[in-house]
Amino acid sequence: MKYLIRLSAFLILFGGFTNSASAQHKSTPKSTFNKYEAFSPLFMQGQANAYHSATGNPGPDYWQNQANYNIHATLDTINHSVKGKVTITYVNNSPYKLNFLWLQLDQNTFKKDSRGSALYPANDRNGVHTFTDGYDLQNVSVKMGRSTVKASYVVSDTRMQIRLPEPLEAKGQEMEITIDYSFQIPEHGKDRMGRVKTQNGWIYTLAQWYPRMEVMDEVDGWNTLPYLGTGEFYLEYGNFDYEITAPANMVVVGSGELQNPKDVLTDYERGQLDKAKNSDKTVMVRSLEDVKADKHVKGDSKGMLTWHFTINNSRDIAWAASKAFIWDAARINLPSGKKALAQSVYPVENSDQDGYGRSTEYVKNSIELYSKEWFEYTYPVATNVGAHEGGMEYPGIVFCSYKSKKGSLWGVINHEFGHNWFPMIVGSNERKYAWMDEGFNTFINGVDTKEFNNGEYYQESELQGMAGRLFNEQLDPVFTVPDVIHNQSNLGIEAYYKPSTALQVLRNTVLGKDRFDYAFKLYIKRWAFKHPKPWDFFNTMNSAAGEDLTWFWKAWFMNNWKLDQAVEGIKYVDNDPAKGSLITIINKEQMAMPTTLKITQANGKTETVKLPVEIWMTGPEYVYNYESTSKVTSVEIDPNHEVPDINPLNNTMVTLADAPAGTTAKSVIDNYIKAIGGREKLAGVKDISETQSASVRGMNINITTLRKSPDKYMMAINIPAVNRTVVKYVVNGDDVTVMSRGQEQNLSDDQKEAIKKSTEMFPELQYEKDGYDLDLLGVQTEDGTTLNVVQVTTPEGAYIKQYYDATTGLKVKEEVATSGSVAVSTYDDYQDVNGIKLPFTQTSNTLGQDMELKMTEAKVNSGLKDSEFE
């Protein structure tokens, strides 16, 4: 959850959550790794047959049915409705006679009694903000052979079953279904379609706007999961011929290519389009002045025009209409030498160069880069519509927020057009396997963004620090039906970022770019315009890359396993570094991965060693015999931070000097407690109040922290410039409340316990209790100061590394492994406050930059009232 990640960063930074990692780790043995489970040979068995082969190819008996559509629809802008007639030519390529057919009636999800309305609250992205009556079916008929009869059908939520008067024969036999229908257009169509009013008129974005065939395949039979909201679509391929009749003052754009430009465009507009088809620079087709002047072709006697589009070998179509559209376009250059057209339509509200003025440039580059890298774009036109949707994809057309600017606009256009590869070209089942389109698409988005305009919007991802998000125990496995995930924040990780990160790791760390790209491209080519299952992807990657990756698929996709690799020890052969070093590493969690070691010797030599995943076939512990010639001063796992690891703190081992005789971890902690006031004085502290100031990316903030024994705590972050409290935590006994921007946040019991445990006044006083393990790692020198280094393991298994001045006893630095990264804080300028020494200067790198916090006021035993914690 984004707000928790953000708040945790603040709390670690400000000292209020020094031990926040404790809630993220359960008490575990030294390792939970099970080599038999990780490398089980049974994982992929039973998934191959004559339809989906073990090589990852479509099997010799693979088949899929086809659905061709002919549609005539009219947009009613007075009643905000669509009335249409669709004729579906359905081709049964299966080996089975069909007694019935299933169709999708997606508009029924907006009915008050729909299953989706019961599942999602109105304020959810997938909730219904205003109810409609769904589809009104005026006529349903079927034509088999020469006979046309009224259909016998049953509607169940968003599905319709047509019971055929006679079986549809197998292996290429076809029939026609004709349906007259209408529906009201909701304003918020689950963020996938709808309408929005802009300065110059309504923008209509129409998707899920006609009855569509369900997919029947050899794995699940008829795929009849209802349209609830999070689970998207699974559709048959076919050819589309459709006409949209709309008021003549509107521009209509849709999937495919406009067939009658002479009927609906002015001579000027057609001329500008012709220029655009031969220009790498964006050409204006319909300017703001044209919009204001209401220039358009005169319609029929009712003031209407009919726009005719076609698109072949597509799984769906969508369209948009508005009189507010500014329209520009440019040429797309494809690798084969073919050309296509990139175009954008959008309202004036965001038409400058920081907004939609660059939209067509983004469309053109997205299509060209994807075509060059993975598989050539197959449609004649690529259209971006600036509308109210946050971002939604359809074949050859996408709907993006008309408010997006700069990198956000590039990001949403690039992402939505990436979907033309997954799932428009590679036709996976989105309703069951969101990760096969969202995850794969998010992966190629990153590759594309790095290339666009010399990386104009590219930001290098630090994968090691993503472990806290990707391996959160509250998450479902990636291999989970989207509507079961339900939670939108979790969906963003499980369907988008985790599978995308898995592919990055597979490409950069496991296989290498050459082998990965070859196999990934082959998967796209094999399953272009077909219906792959997860096993088809797994098997293709295994076979084409020449690697048994079952351990990888199990860890990343089938289970919610975590990765934690650690350097356990450094010894020498016969105690002589010249004879070689014995470096022990341990795999502490269930996920296995190849291991990269950066080894530095006292003679200055540094070497990087790559160890294969097979080292873990021996068990959770592995000893690497390194040919050293002098003492090893440090060993670091994953020095380039290419792999998410839940505890980077144990990735590095630095050889420290031995502590003086008699110095122990306990004595170091005792000296610190004595240095800041002594146990008796600390035990007498009833309350502490602190006010600190800092600057976060140029913005001044104040942090107020109140603590009162035994169980009260309050922390508030305020922005003085706007006089706003952006974060507030209150602990009052067992009650825990978190407010973010004025809204109370929902917390799990684990999160509440984490907050309660992290509010101790003096955490070091707890170290003598059962469950804490203290280890004096040794002594190191920094800037001429000798430091005792102590590693603390909490009862929950979290690691904290603390550095104490050997002379003063004061704590000067702390490293906390939290959320998959290491937060480093320093403490300085200790001052006496009523007999207790507190650090008046702290620094932290938690938010990716060194940040300094200055104490502006501190009080001890000031008599804080209980009302401060209400």
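Here, the structure is the one placed above.
The following refers to the structure shown. Predicted, not measured: the structure shown is a model, and the values here were computed from it. (Residues numbered from 1 in each chain as written. Predicted model: local features only at pLDDT ≥ 70, side-chain atom pairs only at ≥ 80, totals over all residues. Heavy atoms only, no water.)

### Some words on the sheet that holds strand E5 (residues 147-150)
(1) Moving on: A sheet is described by the order of its strands in space; here eight strands give the open sequence E5-E4-E8-E2-E1-E14-E18-E16, paired in mixed fashion. Looking along the sheet, the strands with just one partner apiece sit at the ends: E5 and strand E16 (257-258).
(2) Moving on: As paired strands, E16 and strand E18 (residues 304-314) are joined by two bridges and run antiparallel to one another. The partner of Glu 257 across the bridge, within E18, is Thr 310. (Pairing = 2+ DSSP bridges. Helix = DSSP H or I, 4+ residues; strand = E, 2+ residues; numbered from the N terminus.)

### As for the environment of Tyr 626
(1) Moving on: Following the sequence through the fold, Tyr 626 ends up in strand E29 (residues 621-626).
(2) Moving on: With sequence-adjacent residues up to four places away left out, Tyr 626 is seen in contact with Gly 580, Ser 581, Ile 583, Ile 599, Gln 601, Lys 605, Glu 607 and Val 632.
(3) Moving on: A polar atom in the side chain of Tyr 626 sits 3.1 Å from the side chain of Gln 601. (Contact = heavy atoms within 4.5 Å. Polar contact = N/O pair within 3.5 Å; in protein donor to acceptor, adjacent residues only side chain to side chain.)

### Examining the side chain of Asp 124
(1) Moving on: Relative to the helices and strands, Asp 124 is located in the loop between helix H3 (115-119) and strand E4 (136-144).
(2) Moving on: Although Asp 124 is buried, it makes no salt bridge; Lys 190 carries the closest opposite charge, 7.4 Å away.
(3) Moving on: Engagement of the side chain of Asp 124 in a polar contact is seen with the backbone nitrogen of Asn 126, the distance being 2.8 Å. (Buried < 20%, exposed > 50% of the residue type's maximum accessible area, 1.4 Å probe, protein only. Lys, Arg positive; Asp, Glu negative; His and termini not counted. Salt bridge = Lys/Arg side-chain N within 4 Å of Asp/Glu carboxyl O.)

### Considering the packing of helix H7 (residues 359-373) against helix H8 (residues 406-418)
The description of two helices packed together rests on the angle between their axes and the distance between the axes.
(1) Moving on: Close contact between H7 and H8 brings their axes to 9 Å; oriented N to C, the two are set at 45°. By the criterion of interaxial angle, the relationship of H7 to H8 is oblique. Where H7 crosses over H8, the handedness of that crossing is right-handed. For the pair H7 and H8, contact is made by Ser 359, Tyr 362, Val 363, Asn 365, Ser 366, Ile 367 and Tyr 370 and by Lys 406, Leu 409, Trp 410, Ile 413, Asn 414, Phe 417 and Gly 418, respectively. (Axes fitted to C-alpha atoms, helices over the stretch in contact; angles between N-to-C directions. Parallel < 35°, antiparallel > 145°, perpendicular 65-115°, else oblique. Left-handed = near helix turned anticlockwise from the far one by under 90°.)

### Description of the pattern of salt bridges
Any two side chains of opposite charge can pair if their charged atoms end up close together.
(1) Moving on: If you walk through the whole model with that rule in mind, you get 39 salt bridges.
(2) Moving on: A salt bridge links Glu 232 to Arg 192; its shortest N-O distance comes to 3.3 Å. Here the residue Glu 232 occupies a position in the loop between strand E13 (221-222) and strand E14 (238-247), and Arg 192 occupies one in the loop between strand E8 (173-184) and strand E9 (194-198), the gap between them amounting to 40 residues.
(3) Moving on: Residue class for Glu 232 comes out buried when judged on its relative accessible area of 7%.
(4) Moving on: For Arg 192, a relative accessible area of 2% translates into the label buried.
(5) Moving on: In the salt-bridge network here, residues are joined through shared partners; they are Asp 217, Asp 220, Lys 432 and Lys 533.

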